[in-house]
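Below are the chains, spelled out letter by letter.
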Amino acid sequence: MTPPAPAPHAFEPAGEWAAELAELQQRRAQARAMGGPEALARFKASGRLNARERIAALLDADTFRELGSLAGKGHYSREGAFERIDPTNAIVGTGRIQGRKVALHVDDFTIRAGSSEATIADKWIYIERLAHQLRLPIIRLVDSAGGSVKLLMQIGGTKIPEYPSWPANELLKTVPVVGVALGACAGQGAIKVLSSHFSVMVREQAQVMAAGPHVVRQAYGQDVDKNELGGHLVHRKSALVHNEAVDEADALAQVQRFLSYLPRSVFHTAPVLPATDDPDRADDWLKDAIPRDRRKIYDPRKILTAIMDRDSVFEIGRWQGGSIITALARLNGVPVGVIANDPKVQGGAMTLQAAYKMERHVKLCSLFGLPVVNFVDQPGNQTGLEAELGGTLLGATRVGEALNECRSPWVSILIRRCFGMAGALHAPKYGEALNLRYAWPSARWGSIPIEGGVMAAHKAEIDAAPDPAAKRAELEAFYLNMTSPFRTAEKFGILDIIDPRETRSILCDWVEDAWDRVCTDRQAAAA
């Protein structure tokens, strides 16, 4: 079991204020005891880390500085002497991850199931305000049952459901915000997870939902369990939670890795690591990474691994909107955002989920000053009745809006297809965007794919032919010759056609200038 976060210095209570210093130590010890031995034992039996163990597992050793540890409900004798304190179930403070300072907001489930209304709201709101004002990334370790009707007894009435001093939206505009679901996160707990730039939930252990089974049963007469309502399989479809983790250690490791690519705030630049991978490394197999047969697929993740710095690709949203891959990675030590199409899912087409996924990744990279590399194999928007009923085109429109607002240096590598409206969304094109783009010899583009376009334009001719299949193949071959990327390059419609093996070298050269632009823009904004 991971050791709990360290206690404050335990100086010997002595001198004129010995009694008060002893009381301070007593109060601190009772706060560290959380819900008490029995509650902690029950929680441990469930196989989970308690709140303070989670803090110790996440932060660098001995760096947690707790705030508000004395907050809670005090109990006093008839004469007014202190007896004990029931601590709040929100543990807050600051600490360091890989030497970089962060703010922390942690639910203690051993006290009233971590309910957001069974604590002093001013305490957890304070750390969020501090993170906003001091420009610190904030991490929420959420294990909360949300609201509680027992609040009525505490305050002797009801309240309007709001936290007017909570700067939730301003935080999202200013600093990296991370939400980690470590148990049943309902109501306010769910919002704390979802109101973030990166969220992760532990499979089977965590659920993120508007309300739990008891409320749903009362309201709708439906008998469902927590995982059916808000488990990880639900959010593979909803796309609300970015990532999944196999256990708590994995979840916390993902948090550490995500933050390693991001700056402290929008006023800072992200950390650049020493380059350890040859920028001119060229994996020979890349020359045949894209099959000549247009009906065959390939593994885009293998391509990303070969081109980005070794072991640097951190995928976000792996199980959602699978036709688009979004990730963070490094080029010659510089952090970048990565987008790629996956032909193994929906042929790589722009689905509604994929559009949402791409939109939020573009916004993340733009907000925090990460250059973007897009590996394009886009056959177009998903078509068909289901796509139209789902509003896929609206999703694509929102991607266009995000690209129009994007301020990240951007380069597109067209590796196979780039067709239609979705293909046009491969990069920003307005303002100062240069729309830097390269293509592999395997790339093809246009307003519509050849296969579908030939059938639409020559249907009567094909149907009337003695051998319709042969006629269709003949026409497709003719048009395919017309779509050679070299013809576009002749007209400077593409910046350059490159050997796939050159890609890493070109990108590592590009990112030097891209990063200089990011740093210059941040300095200008801060001036």
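Before reading on, note that the structure itself is shown above.
Here the structure is a predicted model, which means the values were calculated and not measured.

**Student:** Honestly, the overall build of the chain in this entry has me stumped. Any pointers?
**Tutor:** The helix and strand tally for the chain stands at 21 helices and 19 strands. Taken along its principal axes, the extent of the C-alpha atoms in the chain is 105 × 55 × 40 Å. Look at the contacts in the chain between residues 6 or more apart in sequence, and 73% of them connect residues 24 or more apart. Of the roughly 25300 Å² that the chain leaves accessible, carbon and sulfur atoms contribute 54%. Averaging the coordinates of the 62 positive side-chain charges in the chain and doing the same for the 62 negative ones gives two points 2 Å apart.

**Student:** So what exactly am I meant to see when it comes to the packing of aromatic side chains here?
**Tutor:** Two measures describe an aromatic ring pair: the distance that separates the ring centres and the angle between the ring planes. Applying the stated rule across the entire model yields six aromatic pairs. Their ring planes at 15° and their centres at 6.3 Å tell us that Tyr 261 and Phe 314 sit as a pair that is stacked. Of the two residues, Tyr 261 is situated in the loop between helix H11 (248-260) and helix H12 (300-307) and Phe 314 in strand E12 (residues 314-316); the sequence distance between them amounts to 53 residues. Of the two residues examined, Tyr 261 and Phe 314, each falls in the buried class. By way of ring pairs, the aromatic residues Phe 198, Phe 258, Tyr 261 and Phe 314 are connected into one cluster. Residue placement shows Arg 236 over the ring face of Trp 319; its charged tip is 4.0 Å from the ring centre. The lysine or arginine in question, Arg 318, covers the ring of Trp 319, its NZ or CZ lying 4.9 Å from the ring centre.

**Student:** Looking at this model, I keep getting lost on a positive patch on the surface. Mind explaining?
**Tutor:** Together, Arg 65, Arg 96, Lys 101 and Arg 264 make up a region of like positive charge exposed at the surface. Mapped onto the fold, Arg 96 is located in strand E4 (residues 90-97).

**Student:** Even after reading the chapter, I still don't get the pairing of strand E14 (residues 334-341), so can you show me in this structure?
**Tutor:** Regular strands have side chains that alternate between both faces of the sheet. Among the eight residues of E14, eight are classified as buried, and the element is accordingly described as predominantly covered. Going residue by residue along E14, you find Val 334, Val 336, Val 338 and Ala 340 tucked away on one face and Pro 335, Gly 337, Ile 339 and Asn 341 tucked away on the opposite face as well. Linkage of strand E13 (residues 324-331) to E14, two consecutive antiparallel strands, is achieved through a turn of two residues, within which Asn 332 is found at a positive phi near 55°. Bridging between E14 and strand E15 (residues 372-378) involves four bridges; their strand directions are parallel. Counted as the bridge partner of Ile 339 is Asn 374 from E15. Each parallel crossover has a hand, and for E14 linked through helix H13 (residues 352-367) to E15 it is right-handed.

**Student:** Whenever I open this one, the pattern of salt bridges confuses me. Can you help?
**Tutor:** Close approach of charged atoms lets side chains of opposite charge pair. The tally for this structure, following the rule as stated, stands at 31 salt bridges. Across the salt bridge formed by Glu 244 and Arg 236, the nearest N and O atoms sit 2.7 Å from each other. Look at Arg 236 and you get partly exposed, because its relative accessible area is 24%. Put simply, Asp 499 and Arg 501 hold a salt bridge, and the shortest N to O gap is 2.8 Å. Ionic contacts of the salt-bridge type, sharing partners, join the residues Asp 277, Arg 281, Asp 283, Asp 309, Arg 310 and Arg 504 into one network.

**Student:** Explanation requested: the sheet that holds strand E9 (residues 198-202) in the structure shown.
**Tutor:** Strand pairs in the sheet, formed through backbone hydrogen bonds, run parallel or antiparallel to each other. The strand order across the open sheet formed by seven strands is E1-E4-E5-E6-E7-E9-E11, and the pairing between neighbours is mixed. Either end of the sheet is taken by a strand with one partner, and the two such strands are strand E1 (65-67) and strand E11 (243-245). Across the sheet, the mean angle separating the axes of adjacent strands is 25° when strand polarity is ignored. The pairing of E4 with strand E5 (residues 100-107) spans eight bridges and is antiparallel. Pairing of Val 92 across the sheet is with His 105, part of E5. Against the sheet, helix H4 (residues 121-134) engages E1, E4, E5 and strand E6 (138-142), with an angle of about 30° to E4. Each of E4, E5, E6, strand E7 (177-181), E9 and E11 touches H11; the most contacted strand, E9, lies at about 170° to it.

Procedures and definitions
Residues numbered from 1 in each chain as written. Predicted model: local features only at pLDDT ≥ 70, side-chain atom pairs only at ≥ 80, totals over all residues. Heavy atoms only, no water. Helix = DSSP H or I, 4+ residues; strand = E, 2+ residues; numbered from the N terminus. Contact = heavy atoms within 4.5 Å. Areas by Shrake-Rupley, 256 points an atom, 1.4 Å probe, with all protein chains shown as cover. Lys, Arg positive; Asp, Glu negative; His and termini not counted. Charge placed at Lys NZ, Arg CZ, Asp CG, Glu CD. Phe/Tyr/Trp six-rings, centres within 6.5 Å; stacked < 30°, edge-to-face > 60°. Buried < 20%, exposed > 50% of the residue type's maximum accessible area, 1.4 Å probe, protein only. Lys NZ or Arg CZ within 6 Å of the ring centre and 35° of its normal. Patch = residues over 30% accessible without salt bridge, like charges linked within 9 Å, V, L, I, M, F, W, Y side chains within 5 Å. Salt bridge = Lys/Arg side-chain N within 4 Å of Asp/Glu carboxyl O. Pairing = 2+ DSSP bridges. Right-handed = clockwise from strand over helix to strand, strands pointing away. Axes fitted to C-alpha atoms, helices over the stretch in contact; angles between N-to-C directions.

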